[in-house]
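# Architecture and fold: a report
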Amino acid sequence: MKVEKICCIGAGYVGGPTMAVIAQKNPGIKVTIVDINAERIAAWNNSDLSKLPVYEPGLAEIVKETRGKNLFFSTEIDKAIDEAEMIFISVNTPTKTYGKGKGQAADLKYIELCSRNIAKVATTDKIVVEKSTLPVRTAEAVKSILDNTGNGINFHILSNPEFLAEGTAIEDLLSPDRVLIGGESQEAIESLASVYSSWVPQDQILRTNLWSSELSKLTANAFLAQRVSSINSISELCEHTEANVDEVAKAIGMDSRIGSKFLKASVGFGGSCFQKDILNLVYIARSYNLNEVADYWEQVIIMNDHQKRRFSDNLIKTLYNTVSGKKISMLGWAFKKDTNDTRESAAIYVADHLLNEQAQVSVYDPKVPKQKVYSDLNYLNTRSEEENENNVTVSETPYESLKNAHAVAIMTEWDEFKDYDWKKIYNEMKKPAFVFDGRNILDKSKMNEIGFEYYSIGQ
Ligand code: UDX
Ligand code: ADP
(Lines give C-alpha, C1' and ligand atoms only; values in the text may rest on other atoms or scores of the structure.)
(Ligands and ions follow the chains in the order given, each with its own letter.)
Protein backbone atom coordinates (compact mmCIF):
# COMPACT_ATOMS: atom_id res chain seq x y z
CA MET A 1 0.00 0.00 0.00
CA LYS A 2 1.50 3.33 -1.00
CA VAL A 3 1.34 5.83 1.81
CA GLU A 4 0.36 9.38 0.86
CA LYS A 5 -1.36 10.52 4.03
CA ILE A 6 -0.45 9.77 7.62
CA CYS A 7 -2.51 10.60 10.68
CA CYS A 8 -0.97 10.54 14.15
CA ILE A 9 -3.31 10.49 17.15
CA GLY A 10 -1.60 12.17 20.12
CA ALA A 11 0.47 15.37 19.82
CA GLY A 12 2.73 14.74 22.80
CA TYR A 13 6.43 14.20 23.45
CA VAL A 14 6.48 11.15 21.17
CA GLY A 15 3.94 12.02 18.45
CA GLY A 16 5.09 15.62 17.90
CA PRO A 17 8.83 15.15 17.29
CA THR A 18 8.45 11.78 15.50
CA MET A 19 5.93 13.09 12.99
CA ALA A 20 7.90 16.30 12.45
CA VAL A 21 10.89 14.22 11.36
CA ILE A 22 8.79 11.84 9.24
CA ALA A 23 7.29 14.88 7.48
CA GLN A 24 10.67 16.49 6.96
CA LYS A 25 12.14 13.33 5.44
CA ASN A 26 9.06 12.53 3.31
CA PRO A 27 7.96 15.76 1.61
CA GLY A 28 5.54 13.74 -0.54
CA ILE A 29 3.54 12.50 2.45
CA LYS A 30 0.95 14.68 4.18
CA VAL A 31 1.26 14.19 7.94
CA THR A 32 -1.54 15.35 10.22
CA ILE A 33 -1.17 15.19 14.00
CA VAL A 34 -4.44 15.29 15.89
CA ASP A 35 -5.24 15.57 19.58
CA ILE A 36 -8.31 15.96 21.77
CA ASN A 37 -6.48 18.66 23.68
CA ALA A 38 -7.29 21.83 21.72
CA GLU A 39 -4.94 23.96 23.78
CA ARG A 40 -2.04 21.68 22.89
CA ILE A 41 -2.88 21.80 19.19
CA ALA A 42 -3.09 25.60 19.36
CA ALA A 43 0.36 25.68 20.96
CA TRP A 44 1.77 23.48 18.16
CA ASN A 45 0.28 25.97 15.68
CA ASN A 46 1.66 29.02 17.50
CA SER A 47 3.59 31.33 15.18
CA ASP A 48 6.00 31.98 18.07
CA LEU A 49 8.08 28.79 17.89
CA SER A 50 9.39 29.25 21.44
CA LYS A 51 5.84 28.46 22.60
CA LEU A 52 5.62 24.92 21.17
CA PRO A 53 4.28 22.56 23.86
CA VAL A 54 7.35 20.33 23.68
CA TYR A 55 10.85 21.70 24.11
CA GLU A 56 13.50 19.67 22.28
CA PRO A 57 16.73 20.99 20.79
CA GLY A 58 16.29 21.21 16.99
CA LEU A 59 12.53 20.60 17.01
CA ALA A 60 11.39 24.19 16.40
CA GLU A 61 13.54 24.41 13.26
CA ILE A 62 11.95 21.29 11.76
CA VAL A 63 8.44 22.46 12.65
CA LYS A 64 9.21 25.80 11.02
CA GLU A 65 10.37 24.06 7.84
CA THR A 66 7.44 21.63 7.51
CA ARG A 67 4.40 23.14 9.24
CA GLY A 68 1.73 24.22 6.77
CA LYS A 69 3.57 22.41 3.94
CA ASN A 70 3.15 18.72 4.71
CA LEU A 71 2.87 18.80 8.51
CA PHE A 72 -0.42 19.84 10.09
CA PHE A 73 -1.71 20.01 13.67
CA SER A 74 -5.45 19.69 14.06
CA THR A 75 -8.34 18.80 16.36
CA GLU A 76 -10.37 17.35 13.49
CA ILE A 77 -9.60 13.79 14.50
CA ASP A 78 -12.25 11.97 12.43
CA LYS A 79 -11.37 13.73 9.20
CA ALA A 80 -7.65 13.01 9.59
CA ILE A 81 -8.33 9.34 10.40
CA ASP A 82 -10.58 8.84 7.42
CA GLU A 83 -8.29 10.39 4.83
CA ALA A 84 -5.08 8.63 5.96
CA GLU A 85 -3.85 5.22 4.80
CA MET A 86 -1.66 4.90 7.88
CA ILE A 87 -2.63 5.87 11.44
CA PHE A 88 -0.14 6.08 14.29
CA ILE A 89 -1.50 5.75 17.82
CA SER A 90 0.70 7.88 20.01
CA VAL A 91 -1.43 8.59 23.04
CA ASN A 92 -0.35 8.31 26.65
CA THR A 93 -0.49 5.00 28.52
CA PRO A 94 -0.05 5.97 32.17
CA THR A 95 0.07 3.51 35.06
CA LYS A 96 -3.43 2.67 36.30
CA THR A 97 -4.51 4.70 39.32
CA TYR A 98 -7.62 2.63 40.08
CA GLY A 99 -9.03 -0.88 40.12
CA LYS A 100 -7.24 -4.10 39.16
CA GLY A 101 -3.55 -3.58 38.51
CA LYS A 102 -3.65 -0.16 40.22
CA GLY A 103 -0.13 1.27 40.52
CA GLN A 104 1.32 -1.32 38.13
CA ALA A 105 -0.59 -2.16 34.98
CA ALA A 106 -0.75 0.26 32.06
CA ASP A 107 -4.03 2.11 31.67
CA LEU A 108 -5.14 1.28 28.15
CA LYS A 109 -8.23 3.47 28.29
CA TYR A 110 -6.83 6.01 25.80
CA ILE A 111 -5.66 3.31 23.40
CA GLU A 112 -9.06 1.68 23.46
CA LEU A 113 -10.84 4.98 22.86
CA CYS A 114 -8.58 5.62 19.86
CA SER A 115 -9.21 2.16 18.46
CA ARG A 116 -12.96 2.58 18.78
CA ASN A 117 -12.74 5.96 17.12
CA ILE A 118 -10.74 4.57 14.20
CA ALA A 119 -13.22 1.70 13.83
CA LYS A 120 -16.12 4.13 13.83
CA VAL A 121 -14.92 6.56 11.19
CA ALA A 122 -12.69 4.55 8.84
CA THR A 123 -14.24 3.77 5.46
CA THR A 124 -11.14 2.51 3.65
CA ASP A 125 -8.43 -0.07 4.57
CA LYS A 126 -5.94 1.19 7.15
CA ILE A 127 -2.58 0.33 8.59
CA VAL A 128 -2.73 1.06 12.31
CA VAL A 129 0.64 1.57 13.98
CA GLU A 130 1.13 1.31 17.75
CA LYS A 131 3.70 3.94 18.64
CA SER A 132 2.92 4.23 22.35
CA THR A 133 4.69 1.76 24.65
CA LEU A 134 2.23 -1.00 25.35
CA PRO A 135 2.03 -4.22 27.30
CA VAL A 136 2.68 -7.36 25.29
CA ARG A 137 -0.35 -8.54 23.32
CA THR A 138 -2.10 -5.15 23.28
CA ALA A 139 -2.19 -5.42 19.50
CA GLU A 140 -4.59 -8.32 19.96
CA ALA A 141 -7.04 -6.08 21.81
CA VAL A 142 -6.69 -3.29 19.27
CA LYS A 143 -7.29 -5.75 16.41
CA SER A 144 -10.30 -7.25 18.11
CA ILE A 145 -11.93 -3.82 18.56
CA LEU A 146 -11.19 -2.80 14.98
CA ASP A 147 -12.42 -6.04 13.44
CA ASN A 148 -15.55 -6.32 15.56
CA THR A 149 -16.73 -2.74 15.59
CA GLY A 150 -15.42 -1.50 12.24
CA ASN A 151 -17.21 -0.99 8.96
CA GLY A 152 -16.08 -4.30 7.46
CA ILE A 153 -12.82 -2.92 6.07
CA ASN A 154 -9.30 -4.38 6.53
CA PHE A 155 -7.05 -3.24 9.35
CA HIS A 156 -3.40 -4.24 9.58
CA ILE A 157 -1.86 -3.72 12.99
CA LEU A 158 1.85 -2.94 13.36
CA SER A 159 3.94 -2.34 16.45
CA ASN A 160 6.59 0.33 15.91
CA PRO A 161 7.92 1.32 19.33
CA GLU A 162 9.74 4.61 19.69
CA PHE A 163 13.17 4.52 21.30
CA LEU A 164 13.91 8.27 21.31
CA ALA A 165 15.06 9.79 24.57
CA GLU A 166 13.79 13.22 25.54
CA GLY A 167 16.33 16.00 25.26
CA THR A 168 17.96 14.23 22.31
CA ALA A 169 14.75 13.31 20.48
CA ILE A 170 15.62 14.92 17.16
CA GLU A 171 19.14 13.48 17.11
CA ASP A 172 17.74 10.04 18.01
CA LEU A 173 15.07 10.24 15.31
CA LEU A 174 17.49 11.42 12.62
CA SER A 175 20.02 8.67 13.32
CA PRO A 176 18.30 5.87 15.22
CA ASP A 177 20.29 2.80 16.34
CA ARG A 178 17.44 0.81 14.81
CA VAL A 179 13.81 1.11 13.78
CA LEU A 180 11.68 -1.80 14.94
CA ILE A 181 8.56 -2.91 13.08
CA GLY A 182 6.51 -5.86 14.29
CA GLY A 183 3.54 -7.21 12.40
CA GLU A 184 1.77 -10.07 10.71
CA SER A 185 1.27 -8.61 7.24
CA GLN A 186 4.52 -8.35 5.27
CA GLU A 187 2.89 -5.87 2.95
CA ALA A 188 1.95 -3.54 5.81
CA ILE A 189 5.42 -3.90 7.34
CA GLU A 190 7.01 -2.88 4.03
CA SER A 191 4.69 0.13 3.71
CA LEU A 192 5.91 1.45 7.04
CA ALA A 193 9.52 0.48 6.28
CA SER A 194 9.31 2.59 3.11
CA VAL A 195 8.43 5.67 5.19
CA TYR A 196 11.56 5.20 7.33
CA SER A 197 13.80 4.18 4.45
CA SER A 198 13.76 7.81 3.27
CA TRP A 199 16.54 8.31 5.80
CA VAL A 200 17.23 5.08 7.73
CA PRO A 201 19.48 2.43 6.11
CA GLN A 202 17.61 -0.83 5.32
CA ASP A 203 19.78 -2.97 7.58
CA GLN A 204 18.76 -0.82 10.56
CA ILE A 205 15.06 -1.47 9.98
CA LEU A 206 14.29 -4.62 11.96
CA ARG A 207 11.22 -6.67 11.12
CA THR A 208 9.85 -9.01 13.83
CA ASN A 209 6.58 -10.54 14.88
CA LEU A 210 4.16 -8.30 16.76
CA TRP A 211 4.81 -9.70 20.20
CA SER A 212 8.60 -9.54 19.98
CA SER A 213 8.32 -5.90 19.00
CA GLU A 214 6.00 -5.03 21.89
CA LEU A 215 8.16 -6.90 24.40
CA SER A 216 11.43 -5.45 23.04
CA LYS A 217 10.36 -1.95 23.96
CA LEU A 218 9.56 -2.87 27.57
CA THR A 219 12.79 -4.86 27.79
CA ALA A 220 14.95 -2.05 26.42
CA ASN A 221 13.60 0.39 29.00
CA ALA A 222 13.94 -2.17 31.80
CA PHE A 223 17.60 -2.83 30.91
CA LEU A 224 18.39 0.89 30.71
CA ALA A 225 16.72 1.65 34.04
CA GLN A 226 18.47 -1.34 35.57
CA ARG A 227 21.87 0.13 34.65
CA VAL A 228 21.00 3.37 36.44
CA SER A 229 19.78 1.52 39.53
CA SER A 230 22.89 -0.68 39.44
CA ILE A 231 25.29 2.24 39.45
CA ASN A 232 23.15 4.06 42.02
CA SER A 233 23.35 1.05 44.34
CA ILE A 234 27.14 1.18 44.01
CA SER A 235 27.07 4.93 44.74
CA GLU A 236 25.79 4.23 48.25
CA LEU A 237 28.55 1.71 48.82
CA CYS A 238 31.08 4.27 47.56
CA GLU A 239 29.93 6.76 50.18
CA HIS A 240 30.89 4.25 52.85
CA THR A 241 34.17 3.07 51.40
CA GLU A 242 35.84 6.21 50.01
CA ALA A 243 35.59 4.84 46.49
CA ASN A 244 34.38 7.37 43.91
CA VAL A 245 31.40 6.24 41.83
CA ASP A 246 32.40 8.28 38.77
CA GLU A 247 35.82 6.60 38.81
CA VAL A 248 34.23 3.18 39.23
CA ALA A 249 31.80 3.92 36.35
CA LYS A 250 34.68 4.96 34.11
CA ALA A 251 36.72 1.90 35.00
CA ILE A 252 33.92 -0.59 34.36
CA GLY A 253 32.60 1.31 31.33
CA MET A 254 35.90 0.82 29.48
CA ASP A 255 35.15 -2.89 29.41
CA SER A 256 33.58 -3.15 25.97
CA ARG A 257 31.24 -5.86 27.23
CA ILE A 258 29.76 -3.41 29.74
CA GLY A 259 30.00 -0.18 27.73
CA SER A 260 30.30 3.36 29.04
CA LYS A 261 26.80 4.79 28.49
CA PHE A 262 24.07 5.04 31.11
CA LEU A 263 26.39 4.68 34.08
CA LYS A 264 25.95 8.13 35.57
CA ALA A 265 24.99 7.93 39.22
CA SER A 266 22.20 10.35 40.07
CA VAL A 267 19.46 11.28 42.51
CA GLY A 268 17.32 8.69 40.68
CA PHE A 269 15.84 8.21 37.26
CA GLY A 270 12.59 9.85 36.22
CA GLY A 271 10.65 10.28 32.99
CA SER A 272 7.40 8.91 31.74
CA CYS A 273 8.79 5.55 30.66
CA PHE A 274 11.17 3.73 32.97
CA GLN A 275 9.04 3.28 36.05
CA LYS A 276 5.84 2.74 34.10
CA ASP A 277 7.35 0.16 31.79
CA ILE A 278 9.05 -1.81 34.56
CA LEU A 279 5.87 -1.83 36.63
CA ASN A 280 4.13 -3.10 33.56
CA LEU A 281 6.71 -5.85 33.06
CA VAL A 282 6.35 -6.82 36.71
CA TYR A 283 2.58 -6.91 36.37
CA ILE A 284 2.69 -9.07 33.27
CA ALA A 285 5.23 -11.48 34.86
CA ARG A 286 3.03 -11.83 37.94
CA SER A 287 -0.05 -12.43 35.84
CA TYR A 288 1.74 -15.51 34.44
CA ASN A 289 2.79 -16.46 38.00
CA LEU A 290 6.45 -15.77 37.21
CA ASN A 291 7.17 -14.38 40.65
CA GLU A 292 10.97 -14.60 40.52
CA VAL A 293 10.98 -12.67 37.24
CA ALA A 294 8.64 -10.07 38.73
CA ASP A 295 10.69 -9.69 41.94
CA TYR A 296 13.89 -9.35 39.94
CA TRP A 297 12.66 -6.35 37.94
CA GLU A 298 10.74 -4.81 40.83
CA GLN A 299 14.05 -4.37 42.63
CA VAL A 300 15.08 -1.76 40.00
CA ILE A 301 12.19 0.46 41.16
CA ILE A 302 12.81 -0.22 44.83
CA MET A 303 16.43 0.89 44.39
CA ASN A 304 15.35 4.03 42.54
CA ASP A 305 12.87 5.01 45.27
CA HIS A 306 15.58 4.38 47.85
CA GLN A 307 18.01 6.65 45.98
CA LYS A 308 15.55 9.59 45.95
CA ARG A 309 14.71 9.09 49.61
CA ARG A 310 18.35 8.72 50.60
CA PHE A 311 19.14 12.06 48.92
CA SER A 312 16.56 14.02 50.89
CA ASP A 313 17.29 12.14 54.13
CA ASN A 314 20.96 13.01 53.77
CA LEU A 315 20.14 16.68 53.17
CA ILE A 316 17.96 16.84 56.26
CA LYS A 317 20.48 15.00 58.43
CA THR A 318 23.31 17.28 57.31
CA LEU A 319 21.28 20.40 58.09
CA TYR A 320 21.40 19.43 61.75
CA ASN A 321 18.39 17.12 61.47
CA THR A 322 15.91 19.85 60.66
CA VAL A 323 14.91 21.83 57.60
CA SER A 324 11.86 23.32 59.25
CA GLY A 325 11.51 26.94 58.10
CA LYS A 326 14.78 26.73 56.13
CA LYS A 327 14.98 27.88 52.54
CA ILE A 328 16.10 25.05 50.29
CA SER A 329 16.80 26.09 46.72
CA MET A 330 16.19 23.37 44.16
CA LEU A 331 17.97 23.86 40.86
CA GLY A 332 16.15 21.93 38.16
CA TRP A 333 12.69 20.40 38.11
CA ALA A 334 12.74 18.52 34.75
CA PHE A 335 13.57 14.81 34.92
CA LYS A 336 16.71 15.39 32.83
CA LYS A 337 18.35 18.29 31.01
CA ASP A 338 17.17 19.74 27.69
CA THR A 339 13.50 18.94 28.21
CA ASN A 340 10.54 20.70 29.83
CA ASP A 341 9.05 17.32 30.78
CA THR A 342 8.73 16.72 34.52
CA ARG A 343 6.91 13.37 34.63
CA GLU A 344 8.24 11.23 37.50
CA SER A 345 11.09 13.69 38.04
CA ALA A 346 13.10 12.96 41.19
CA ALA A 347 12.74 16.67 42.06
CA ILE A 348 9.01 16.22 42.75
CA TYR A 349 9.59 13.49 45.33
CA VAL A 350 12.54 15.20 46.99
CA ALA A 351 10.51 18.43 47.27
CA ASP A 352 7.56 16.53 48.70
CA HIS A 353 9.76 14.97 51.36
CA LEU A 354 11.34 18.33 52.26
CA LEU A 355 7.90 19.95 52.49
CA ASN A 356 6.80 17.20 54.88
CA GLU A 357 9.70 18.37 57.03
CA GLN A 358 8.36 21.94 56.80
CA ALA A 359 11.07 23.32 54.54
CA GLN A 360 10.54 26.45 52.43
CA VAL A 361 11.27 25.19 48.94
CA SER A 362 12.38 27.51 46.17
CA VAL A 363 12.56 26.12 42.64
CA TYR A 364 14.34 27.32 39.53
CA ASP A 365 14.29 25.48 36.21
CA PRO A 366 15.24 27.09 32.90
CA LYS A 367 12.38 25.45 30.94
CA VAL A 368 9.65 24.36 33.34
CA PRO A 369 6.81 26.86 33.85
CA LYS A 370 5.78 27.85 37.34
CA GLN A 371 2.32 26.30 37.12
CA LYS A 372 3.80 22.90 36.26
CA VAL A 373 5.77 22.83 39.52
CA TYR A 374 2.59 23.42 41.53
CA SER A 375 0.50 20.96 39.52
CA ASP A 376 3.15 18.24 39.94
CA LEU A 377 3.09 18.71 43.72
CA ASN A 378 -0.69 19.02 43.90
CA TYR A 379 -1.02 15.80 41.92
CA LEU A 380 0.67 13.89 44.76
CA ASN A 381 -2.13 14.96 47.08
CA THR A 382 0.19 15.01 50.09
CA ARG A 383 -1.09 18.40 51.33
CA SER A 384 -3.53 21.08 50.27
CA GLU A 385 -2.92 23.24 47.21
CA GLU A 386 -2.86 26.22 49.50
CA GLU A 387 -0.03 24.73 51.57
CA ASN A 388 1.96 24.05 48.42
CA GLU A 389 1.38 27.67 47.33
CA ASN A 390 2.53 28.95 50.70
CA ASN A 391 5.65 26.85 51.07
CA VAL A 392 6.95 26.67 47.51
CA THR A 393 8.18 29.57 45.42
CA VAL A 394 9.19 29.32 41.79
CA SER A 395 11.82 31.86 40.80
CA GLU A 396 12.38 33.61 37.49
CA THR A 397 16.15 33.65 37.97
CA PRO A 398 18.53 31.24 39.70
CA TYR A 399 20.10 33.97 41.82
CA GLU A 400 16.71 34.94 43.25
CA SER A 401 16.13 31.32 44.23
CA LEU A 402 19.59 30.92 45.76
CA LYS A 403 19.62 34.17 47.74
CA ASN A 404 19.49 33.51 51.50
CA ALA A 405 19.13 29.77 50.96
CA HIS A 406 20.42 27.39 53.61
CA ALA A 407 21.12 24.73 51.04
CA VAL A 408 21.07 24.10 47.29
CA ALA A 409 19.87 20.80 45.85
CA ILE A 410 20.85 20.22 42.21
CA MET A 411 18.16 18.03 40.73
CA THR A 412 18.69 18.29 36.96
CA GLU A 413 21.99 18.33 35.07
CA TRP A 414 21.28 21.53 33.07
CA ASP A 415 24.58 22.74 31.54
CA GLU A 416 23.99 26.32 32.65
CA PHE A 417 24.22 25.33 36.33
CA LYS A 418 27.93 24.63 35.86
CA ASP A 419 28.57 28.17 34.62
CA TYR A 420 26.88 30.08 37.43
CA ASP A 421 28.90 32.51 39.51
CA TRP A 422 29.22 30.18 42.48
CA LYS A 423 31.35 32.68 44.40
CA LYS A 424 28.54 35.23 44.26
CA ILE A 425 26.04 32.52 45.19
CA TYR A 426 28.16 31.55 48.19
CA ASN A 427 28.31 35.16 49.36
CA GLU A 428 24.52 35.48 49.21
CA MET A 429 23.67 32.20 50.94
CA LYS A 430 23.25 31.48 54.65
CA LYS A 431 26.36 29.98 56.26
CA PRO A 432 27.45 27.28 56.39
CA ALA A 433 26.40 27.09 52.75
CA PHE A 434 25.49 23.54 51.73
CA VAL A 435 25.35 22.13 48.20
CA PHE A 436 23.81 18.72 47.51
CA ASP A 437 24.70 17.85 43.96
CA GLY A 438 22.26 15.16 42.84
CA ARG A 439 23.91 15.00 39.41
CA ASN A 440 27.63 15.30 40.21
CA ILE A 441 28.02 18.21 37.80
CA LEU A 442 30.13 20.56 39.91
CA ASP A 443 33.80 20.28 40.84
CA LYS A 444 34.08 19.24 44.47
CA SER A 445 37.51 20.81 45.10
CA LYS A 446 36.49 24.15 43.53
CA MET A 447 33.29 24.21 45.56
CA ASN A 448 35.22 23.46 48.75
CA GLU A 449 37.73 26.17 47.90
CA ILE A 450 34.92 28.75 47.64
CA GLY A 451 33.77 27.66 51.08
CA PHE A 452 30.78 25.43 50.35
CA GLU A 453 30.02 22.25 52.25
CA TYR A 454 29.64 20.14 49.13
CA TYR A 455 27.95 16.73 48.98
CA SER A 456 27.57 14.69 45.84
CA ILE A 457 26.41 11.20 44.93
CA GLY A 458 28.82 8.35 45.58
CA GLN A 459 31.89 10.42 46.31
C1 UDX B 1 13.95 6.54 27.93
C2 UDX B 1 14.74 5.64 26.95
O3 UDX B 1 16.13 6.03 26.96
C4 UDX B 1 14.18 5.77 25.54
O5 UDX B 1 14.83 4.86 24.66
C6 UDX B 1 12.68 5.46 25.57
O7 UDX B 1 12.13 5.66 24.30
C8 UDX B 1 11.96 6.34 26.58
O9 UDX B 1 12.57 6.21 27.88
P10 UDX B 1 13.91 9.15 28.49
O11 UDX B 1 13.12 8.74 29.68
O12 UDX B 1 13.39 10.23 27.61
O13 UDX B 1 14.15 7.89 27.52
O14 UDX B 1 15.38 9.62 28.96
P15 UDX B 1 16.70 8.84 29.42
O16 UDX B 1 17.85 9.55 28.82
O17 UDX B 1 16.62 7.40 29.18
O18 UDX B 1 16.76 9.14 30.98
C19 UDX B 1 15.84 8.58 31.91
C20 UDX B 1 16.21 8.96 33.32
O21 UDX B 1 17.39 8.27 33.74
C22 UDX B 1 16.51 10.44 33.52
O23 UDX B 1 15.95 10.88 34.73
C24 UDX B 1 18.01 10.51 33.56
O25 UDX B 1 18.49 11.60 34.25
C26 UDX B 1 18.34 9.19 34.26
N27 UDX B 1 19.69 8.69 33.98
C28 UDX B 1 20.02 8.32 32.71
C29 UDX B 1 20.63 8.60 35.00
O30 UDX B 1 20.34 8.94 36.15
N31 UDX B 1 21.88 8.12 34.71
C32 UDX B 1 22.24 7.72 33.46
O33 UDX B 1 23.40 7.29 33.29
C34 UDX B 1 21.28 7.83 32.43
P1 ADP C 1 3.84 10.74 25.18
O2 ADP C 1 5.05 11.06 26.00
O3 ADP C 1 3.56 9.26 25.11
O4 ADP C 1 3.86 11.38 23.82
P5 ADP C 1 1.93 12.76 26.08
O6 ADP C 1 1.06 12.77 27.29
O7 ADP C 1 2.98 13.80 25.91
O8 ADP C 1 2.56 11.28 26.00
O9 ADP C 1 1.00 12.84 24.78
C10 ADP C 1 -0.13 12.06 24.57
C11 ADP C 1 -1.20 12.92 23.89
O12 ADP C 1 -2.28 12.07 23.48
C13 ADP C 1 -1.82 13.98 24.78
O14 ADP C 1 -1.64 15.27 24.18
C15 ADP C 1 -3.33 13.60 24.85
O16 ADP C 1 -4.20 14.72 24.84
C17 ADP C 1 -3.49 12.80 23.57
N18 ADP C 1 -4.65 11.88 23.59
C19 ADP C 1 -4.98 10.98 24.55
N20 ADP C 1 -6.09 10.29 24.22
C21 ADP C 1 -6.47 10.74 22.99
C22 ADP C 1 -7.55 10.42 22.09
N23 ADP C 1 -8.44 9.46 22.38
N24 ADP C 1 -7.64 11.10 20.93
C25 ADP C 1 -6.72 12.05 20.62
N26 ADP C 1 -5.69 12.40 21.42
C27 ADP C 1 -5.56 11.76 22.59
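Residues numbered from 1 in each chain as written. Chains lettered and ligands numbered in written order. Predicted model: local features only at pLDDT ≥ 70, side-chain atom pairs only at ≥ 80, totals over all residues. Heavy atoms only, no water.

### Things to note about the environment of Ala188
Counting through the fold element by element, Ala188 comes out in helix H8 (residues 186–196). Relative accessible area serves as the criterion here: at 2%, Ala188 is assigned to the buried category. Considered as a pair, Ala188 and Leu158 are 30 residues apart in the sequence and their alpha carbons are 7.6 Å apart. Beyond its immediate sequence surroundings of up to four residues, Ala188 is in contact with Ile127, His156 and Leu158. (Helix = DSSP H or I, 4+ residues; strand = E, 2+ residues; numbered from the N terminus. Buried < 20%, exposed > 50% of the residue type's maximum accessible area, 1.4 Å probe, protein only. Contact = heavy atoms within 4.5 Å.)

### Comments concerning the environment of Cys114
Tracing the chain through its elements places Cys114 in helix H5 (residues 109–121). When its relative accessible area of 8% is taken as the criterion, Cys114 is described as buried. With 105 residues separating them along the chain, Cys114 and Ile9 place their C-alpha atoms 7.7 Å apart. Once residues within four sequence positions are removed from consideration, Cys114 is found in contact with Ile9, Ile89 and Val91.

### Description of the site of ligand 1
Inspection of the region around ligand 1 gives 20 residues, with Phe163, Glu166, Ser266, Lys336 and Arg439 positioned closest. At a separation of 3.3 Å, an oxygen atom of ligand 1 approaches a polar backbone atom of Leu263. It is helix H9 (residues 210–241) that contributes the most residues to the shell around ligand 1, four residues altogether. Classifying every residue of the shell around ligand 1 by side-chain character gives 11 nonpolar, three polar and six charged. (Near = heavy atom within 4 Å. Polar contact = N/O pair within 3.5 Å; in protein donor to acceptor, adjacent residues only side chain to side chain. Nonpolar A, V, L, I, M, F, W, Y, C, P; charged D, E, K, R; others polar.)

### Comments concerning the pairing of strand S4 (residues 86–89)
Neither face of S4 is left uncovered, since the one carrying Met86 and Phe88 and the one carrying Ile87 and Ile89 both have all their residues buried. Here four bridges tie strand S1 (residues 5–9) to S4, and the two strands are oriented parallel to one another. Bridge pairing in S4 links Ile9 to Ile89. Regarding topology, H5 serves as the crossover connection from S4 to the parallel strand S5 (residues 126–130), and that connection is right-handed. (Pairing = 2+ DSSP bridges. Right-handed = clockwise from strand over helix to strand, strands pointing away.)

Honestly, it's all geometry; don't read function into it.
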